Amino acid sequence: MDSVDTLIVGAGISGLATAAALEGGDYAIIEADDHIGGYCKTVQKDGFVWDYSGHFFHFKHPEIEAWLRARMGEQRVRVVEKKSFIAYAGKWVDFPFQKNIHQLPQAEFIECLHDLYFARAPAELSGLERRPETNFKEMLYARFGGAIAEKFLIPYNEKLYACDLGTLDRDAMGRFFPHADLTDVIRNMRRADNASYNSTFTYPEGGAFEYVRALASAVRPEAIFTGEGLIGIDLERRVARTSKRELKFEKLVSSAPFPVLLSLAGVEHDPRGWSWNKVLVFNLGFDRKGPRDVHWIYYPDRARSFYRVGFYDNIFDTDRMSLYVELGFGKDAVIDVAVERERVLADLAREGVVNGHSVVAEHSVVMDPAYVHITKSSMAEHARLAAELAKRGVYSIGRYGGWTYCSIEDNIVEARALVKRLRS
Ligand SMILES: Cc1cc2nc3c(=O)[nH]c(=O)nc-3n(C[C@H](O)[C@H](O)[C@H](O)COP(=O)(O)OP(=O)(O)OC[C@H]3O[C@@H](n4cnc5c(N)ncnc54)[C@H](O)[C@@H]3O)c2cc1C
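Described below are features of the structure shown in this document. All of these numbers come straight from a predicted model, not from anything done at the bench. (Residues numbered from 1 in each chain as written. Predicted model: local features only at pLDDT ≥ 70, side-chain atom pairs only at ≥ 80, totals over all residues. Heavy atoms only, no water.)

Examining the overall build of the protein chain
Working step 1: From N to C terminus, the protein chain includes 13 helices and 18 strands.
Working step 2: Rg of the C-alpha trace for the protein chain: 23 Å, near the compact-globule value of 22 Å for 424 residues, within the 12% margin.
Working step 3: Dimensions of the protein chain, computed from the C-alpha atoms along their principal axes, are close to 70 × 55 × 40 Å.
Working step 4: Counting every position in the protein chain, which comprises 424 residues, the buried fraction comes to 55%.
Working step 5: Once local pairs closer than 6 in sequence are excluded, the contacts in the protein chain between residues at least 24 apart make up 73%.
Working step 6: Summed over its atoms, the accessible surface of the protein chain is roughly 18700 Å², and 50% of this surface lies on carbon and sulfur atoms.
Working step 7: With 54 positive and 59 negative side-chain charges, the protein chain shows a spacing of 2 Å between the two charge centroids. (Helix = DSSP H or I, 4+ residues; strand = E, 2+ residues; numbered from the N terminus. Rg over C-alpha atoms; globule rule 2.2 N^0.38 Å. Buried < 20%, exposed > 50% of the residue type's maximum accessible area, 1.4 Å probe, protein only. Contact = heavy atoms within 4.5 Å. Areas by Shrake-Rupley, 256 points an atom, 1.4 Å probe, with all protein chains shown as cover. Lys, Arg positive; Asp, Glu negative; His and termini not counted. Charge placed at Lys NZ, Arg CZ, Asp CG, Glu CD.)

Structure, rendered in structure tokens:
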């Protein structure tokens, strides 16, 4: 039987970052897919460059960005000033909605400002009962008031997460949620500061996969086994069963979805405790240019199939419209891609994004899971069961192994911290 000190499951960002941090150590990576990259893959077709789903970067750790860039050779990384909007009542309002209510029609502006003020005012002033913040939906009402919540935050996030927002933890989006208080909102009316939420982003000309390539350059190629999936773990013997062999390990670092790992390791758990959405992404290349000066548009309107549309051509400054279009579904939804494609094209025309354009190249993918539903119970169960597994030398990391909402930079930070911990 083959044996290895550290067996890494998954050659996405987390698995590759773990191997890179192990440097010359004794490791092997098994990857069920035929290609490395996980969700950070890029598709290039007929001159269009698309990620699985729009991936844009805001590194918070300059040393991580520098480490990656040093491994990217001549690759040009664009730094782009973000222009993002919300399609609302036939107009584009600057993102985030809550800081730009002054751009709404006057009656709606007053409604939003009124509800925002009283949502935060002491109960004796508002006469309203203070709403608790025990879940995501209550947090939206308590911090922004009914009008902002119901015009944008609730419909948009329900389209994205495809679930009852009342089931999600209050902090389900963590730092990715653009908070704003009354002072921020009022200040923004005179001096636009939408910038404070990630004003610029970076994007490599070869797509997000360039960061995968950079990580992989620090990993021994002969230690990566693609087309080899983990299908079982014997925790007692520390033996992994793969689609090709049995492998003895001392430590196993998995970036597979956590409920999958639990099942493969035979750990008793309640499968109903884990929920997530699926995201269907259409990458569409057109024959000519579309709207300019826009990188994303958010669509809260429930009558529209998609919740967000991104414009690669305005990132790359190219002359043919290149879109990614994202649709959210529940985890058990049966998706008819051909039907959704027709809905998407019709909705793009209704929104004026497509205006007699022809699709000349396309790609689609279902990301399943895409956004995990972070609930009180998922957090408690993850902490409990991950600690149990760690006692047996099995560590679950990454966006899906950690059952969390994060960026690729977070994945790299986590992988490096784990390796440091294992070494000490
Ligand atoms: C819609 C969407 C938009 C995003 N946008 C951004 C963004 O703009 N910026 C950003 O920084 N991040 C973004 N992210 C997050 C980013 O994609 C993830 O943080 C990152 O790709 C996760 O990497 P990972 O290695 O943890 O997981 P994955 O990419 O899921 O990799 C896990 C790997 O494990 C493999 N695997 C699973 N099961 C097994 C098994 N049994 N045996 C062997 N291999 C297995 C899979 O095939 C996969 O390759 C986005 C994510 C989504 C869903």
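A short note on the packing of aromatic side chains
Working step 1: Taken as a whole and judged by the stated rule, the model has 32 aromatic pairs.
Working step 2: On the numbers, 6.2 Å between centres and 35° between planes, the contact of Phe56 with Tyr324 is tilted. Of this pair, Phe56 sits in the loop between β4 (48-51) and α2 (62-70) while Tyr324 sits in strand β16 (residues 322-330), and the two are 268 residues apart along the sequence. The same class applies to Phe56 as to Tyr324, namely buried.
Working step 3: Aromatic pair Phe57 and Phe59: ring centres 6.1 Å apart, planes at 20°, arrangement stacked.
Working step 4: With a relative accessible area of 6%, Phe57 lands in the buried category.
Working step 5: In this structure Phe59 comes out as buried when scored by relative accessible area, which is 16%.
Working step 6: Taken together through their ring pairs, the aromatic side chains of Phe56, Phe201, Tyr203, Trp296, Tyr312, Phe316 and Tyr324 make up a single cluster.
Working step 7: A cation over an aromatic ring shows up here: Arg120 above the ring of Phe144, its NZ or CZ 5.6 Å from the ring centre. (Phe/Tyr/Trp six-rings, centres within 6.5 Å; stacked < 30°, edge-to-face > 60°. Lys NZ or Arg CZ within 6 Å of the ring centre and 35° of its normal.)

A short note on the site of the ligand
Working step 1: Around the ligand sit 31 residues, and of these Ser14, Glu31, His55, Phe56 and Asn411 come closest.
Working step 2: A distance of 2.7 Å is found between an oxygen atom of the ligand and a backbone nitrogen or oxygen belonging to Phe56.
Working step 3: Protein contact buries 88% of the 1000 Å² of open area that the ligand shows by itself.
Working step 4: Going through the elements one at a time, α1 (13-22), β2 (27-31), α12 (398-401) and α13 (408-423) are the ones with two or more residues in the shell around the ligand.
Working step 5: When residues of the shell around the ligand are assigned to their parent elements, the largest contribution, three residues, is made by α12.
Working step 6: In terms of residue class, the shell around the ligand is made up of 15 nonpolar, twelve polar and four charged. (Near = heavy atom within 4 Å. Polar contact = N/O pair within 3.5 Å; in protein donor to acceptor, adjacent residues only side chain to side chain. Nonpolar A, V, L, I, M, F, W, Y, C, P; charged D, E, K, R; others polar.)

Here's the deal with the sheet that holds strand β13 (residues 277-286)
Working step 1: Reading across the sheet, the seven strands line up as β7-β6-β14-β15-β16-β13-β17 and stay open at both edges, with mixed pairing between neighbours. Two strands bound the open sheet, and with one partner strand each, they are β7 (91-94) and β17 (359-367). Between one strand and the next, the sheet's axes are offset by a mean angle of 25°, whatever the strand orientation.
Working step 2: Here strand β6 (residues 84-88) runs beside β7; their pairing, made up of four bridges, is antiparallel. In the sheet register, Phe85 faces β7, and the bridge partner there is Asp94. (Pairing = 2+ DSSP bridges. Axes fitted to C-alpha atoms, helices over the stretch in contact; angles between N-to-C directions.)

Details of the side chain of Glu228
Working step 1: Relative to the assigned elements, Glu228 resides in the loop between β9 (224-226) and β10 (230-234).
Working step 2: Within the structure, Glu228 has its side chain in polar contact with the side chain of Arg245 (distance 2.7 Å).
Working step 3: When neighbours within four sequence positions are excluded, Glu228 is seen to be in contact with Ile30, Glu31, Ala32, Thr242, Ser243, Lys244 and Arg245.

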